[in-house]
Amino acid sequence: MAEVRLEKVCKLFDEVVAVDDFNLSIQDKEFVVLVGPSGCGKTTTLRMIAGLESITSGDVYIGDRLINKLPAKDRNIAMVFQNYALYPHMTVFDNMAFSLEMRKRSKEEIKERVQEAAEILGIQGLLLRRPKQLSGGQRQRVALGRAIVRKPGVFLFDEPLSNLDAKLRVQTRLELKKLHERLATTAVYVTHDQIEAMTMGDRIVVMHNGFIQQVGSPLELYDRPANQFVAGFIGSPAMNLFEAELSGAGDGVSLQAGDFTLELPPDKAMYFRDYTEQKVIVGIRPEDFKRAAEHSPGQTIPATVEVVEPIGNETYVNVTSGDVMLTAAVGRRTKIEPHSTINLIPIFENMHLFDIRSQKSILGY
Ligand code: ATP
């Protein structure tokens, strides 16, 4: 059993608050991804779990054991770093065997475990090479192999795919996911890449400025972002976020922004009793627009096409309506010319609204 639990964990570097009031329970065998922009505190959190960084306050448990003061080597964890940290003068076999030798395991056991890990990773043919004789992808596998041979209770990954080219990154993240299923070991994975987080995590922890913003499954975060930061961070192209003014009352609430007014359906309008005659932030994902043949006041957004981006499986248009800039997905092979006018209908069911001051969702999640 290797649950990982962080309770009220904080980390200060002199004046800098790197991680603040971090609370999270990671289940045994769960794959949890910490994601956020550079400097949000994700690596520091991982390093505190690993024992490579001291904890300013709060508690970290692995299983039932409080590990705040336990040396890294005694925590039953294995870490895979972005730069792989392989020993250049050692063969692949020796790199993978090293931690077991340090633990004084028998020669037979070491050989068996290295062979087994090499087989899982498909690197049996590379065991006698040195790191400089390997490609980036192969080095990455060796780094993984070095972690696997330990049979740890918890894997910690710090941006392990960042040094691979785009194609190999996609392939390797798939393999890592399969590997996780096969090894059934708790994993905490740090990345700044939200696509990597979405595709790999059972649960994702979105961080910003040292704080957890939201914890949830990939689609929970996508469909029900708790605040404006998560809404803008998860999803590519990003959710359209713009300021709008709500007016009216009861069933008749409308929203005004750019060159358009939208009448909100009653089931949305009911949330806004406290917000009428106030500004809010509206969020609409690019795929949550339909197109109308004509402009219909109160129902559609008339917009001027600025840029058309056909990417093959989808075409995105960047449009403006007054001072509001929007990106809309318009289908795979739609012909739209720059400078033309299109009329967009938002799918209200999927529309988000955020409080302009607190930036929290006002839809009750
Ligand atoms: P990145 O993706 O760029 O690695 P991150 O989200 O992993 O970013 P951290 O490396 O955890 O962020 O850093 C969080 C904050 O703590 C940042 O403001 C960083 O400058 C600061 N920080 C990290 N390590 C130290 C240190 N050893 N001394 C002082 N400040 C530090």
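Presented here is an overview of the structure given in this document. Throughout this document, residue positions are counted from 1 along each chain, in the order its sequence is written. The predicted nature of this model means local features are confined to residues of pLDDT at least 70 and side-chain atom pairs, given and counted, to a pLDDT of 80 or more, with totals for whole chains, interfaces and linings taken over all residues. Processing note: side-chain calculations cover all non-hydrogen atoms of the structure and skip hydrogens and water entirely.

Attention now goes to helix α5 (residues 166–183). An ideal rise of 1.5 Å per residue puts 26 Å on 18 residues; α5 measures up with 25 Å between its terminal C-alpha atoms. Of all the residues in α5, the buried ones are T172, R173, L176, L179 and H180. The buried residues of α5 occupy an angular sector of 125 degrees when the element is viewed end-on, so they sit on one face. Structural note: α5 exposes K167, L174, K178, E181 and R182 on the side pointing more than 90 degrees away from its buried face. Here, two residues are considered to be in contact whenever any of their heavy atoms come within 4.5 Å of each other. Numbering goes from the N terminus for both helices and strands, where a helix is a DSSP run of H or I of at least four residues and a strand is a run of E of at least two. The inward-facing, buried residues of α5 abut β3 (31–35), α3 (107–121), α4 (136–148), β7 (154–158), β8 (186–191) and α6 (194–200). Just beyond α5, the residue with positive phi is A184, at close to 45 degrees. Expected span of a helix: the number of residues minus one, times 1.5 Å. Type-normalised accessible area, obtained with a 1.4 Å probe on protein chains alone, sets the label of each residue: buried when under 20%, exposed when over 50%, and partly exposed for intermediate values. In this description, one arc is meant: the one made by directions from the helix axis to the C-beta atoms.

This next bit is on the site of the ligand. Proximity is defined per residue: any heavy atom of the residue falling within 4 Å of a molecule or strand makes that residue near it. The immediate surroundings of the ligand are formed by F13, V16, A18, P37, S38, G39, C40, G41, K42, T43, T44 and E159. Take G39: an N or O atom from its main chain is 2.7 Å from an oxygen atom of the ligand. Separating an oxygen atom of the ligand from a side-chain N or O atom of T44 is a distance of 2.5 Å. Burial of the ligand by the protein chains amounts to 57% of its free accessible area of 630 Å². Contacts described as polar in this section are N or O atom pairs within 3.5 Å, which, within protein, must combine one atom able to donate a hydrogen with one able to accept it, while residues neighboring in sequence count only if both atoms come from side chains. Note on areas: Shrake-Rupley, 1.4 Å probe, and residue coverage restricted to the protein chains presented here.

A regular strand places its side chains on the two faces of the sheet in alternate fashion. Two strands qualify as a pair provided that DSSP identifies no fewer than 2 bridges between them. With five bridges joining them, strand β1 (residues 4–13) and strand β4 (residues 57–62) adopt antiparallel strand pairing. Each residue of the ladder has a partner; that of C10, found in β4, is S57. Bridge count for β4 against strand β5 (residues 65–66) is two bridges, and the pairing is antiparallel. Bridge pairing links Y61 to L66 in β5.

Let us now look at the sheet that holds β7. If you walk across this open sheet you meet the six strands as β6-β7-β8-β3-β9-β10, and the pairing is mixed. The strands lining the two open edges of the sheet, one partner per strand, are β6 (77–80) and β10 (211–216). Recorded for the sheet is a direction-independent mean angle of 15 degrees between the axes of neighbouring strands. Pairing geometry for β3 and strand β9 (residues 203–208), over four bridges, is parallel. Among the inter-strand pairings, L34 is bridged to a residue of β9, identified as V205. Each axis is a line fitted through C-alpha atoms, taken for helices only over the stretch in contact, and angles between the N-to-C directions span 0 to 180 degrees. Contacting β3, β6, β7, β8 and β9, helix α1 (residues 42–50) crosses the sheet at an angle of about 150 degrees to β7.

Time to look at the pattern of salt bridges. We count a salt bridge whenever a side-chain nitrogen from Lys or Arg sits within 4 Å of a carboxyl oxygen from Asp or Glu. Under the definition given, this model contains 10 salt bridges. Here K279 makes a salt bridge to E243, at a shortest N to O gap of 3.6 Å. Taken as a pair, K279 in strand β14 (residues 278–284) and E243 in strand β11 (residues 240–247) lie far apart in primary sequence, 36 residues in all. Its relative accessible area of 44% is what places E243 among the partly exposed residues. Sharing partners across several salt bridges, the network here consists of R105, E109 and R113.

The next subject is empty space enclosed by the protein. The definitions used throughout rest on a 1 Å grid laid over the protein atoms alone, on which a cavity is an enclosed set of points accommodating a 1.4 Å probe that cannot get out and a pocket is an open set flanked by protein within 12 Å on both sides along at least five of seven lines; lining residues are those having an atom within 4 Å of a point. Grid points are joined across faces, edges and corners, and a volume is the space filled by probe spheres set on the points. Here the structure, examined in full by the defined rule, presents one cavity of 30 Å³ or more. What lines the largest cavity is simply F31, L144, I148, F155, F157, L176, L179, H180, L183, A184, T185 and A187. Of all the secondary structure elements, the ones that give two or more residues to the lining of the largest cavity are α4, β7 and α5. A total of four residues in the lining of the largest cavity trace back to one element, the largest contributor, which is α5. Amino acids are sorted into nonpolar (Ala, Val, Leu, Ile, Met, Phe, Trp, Tyr, Cys and Pro), charged (Asp, Glu, Lys and Arg) and polar (every other residue, Gly among them). Within the lining of the largest cavity, the residues separate by chemical class into 10 nonpolar, two polar and no charged.

This next bit is on the side chain of S254. Among the secondary structure elements, S254 is positioned in strand β12 (residues 254–257). Setting aside chain neighbours within four positions, we find S254 in contact with E245, L246, S247, T261, L262, E263 and L264.

A few words now on the nonpolar core. Of all hydrophobic cores here, the largest spans 46 residues; its most connected members are M96, V114, F157, L176, Y189 and V206. No other element matches the six residues that α3 contributes to this core. Dropping the residues within four chain positions of it, V114 is found in contact with F93, M96, A97, L127 and V149. Grouping buried Ala, Val, Leu, Ile, Met, Phe, Trp, Tyr and Cys residues that are joined through side-chain atoms within 4.5 Å yields what is termed a nonpolar core. Counting residues in hydrophobic clusters, the runner-up holds 33 residues, among them F260, A269, V280 and V305.

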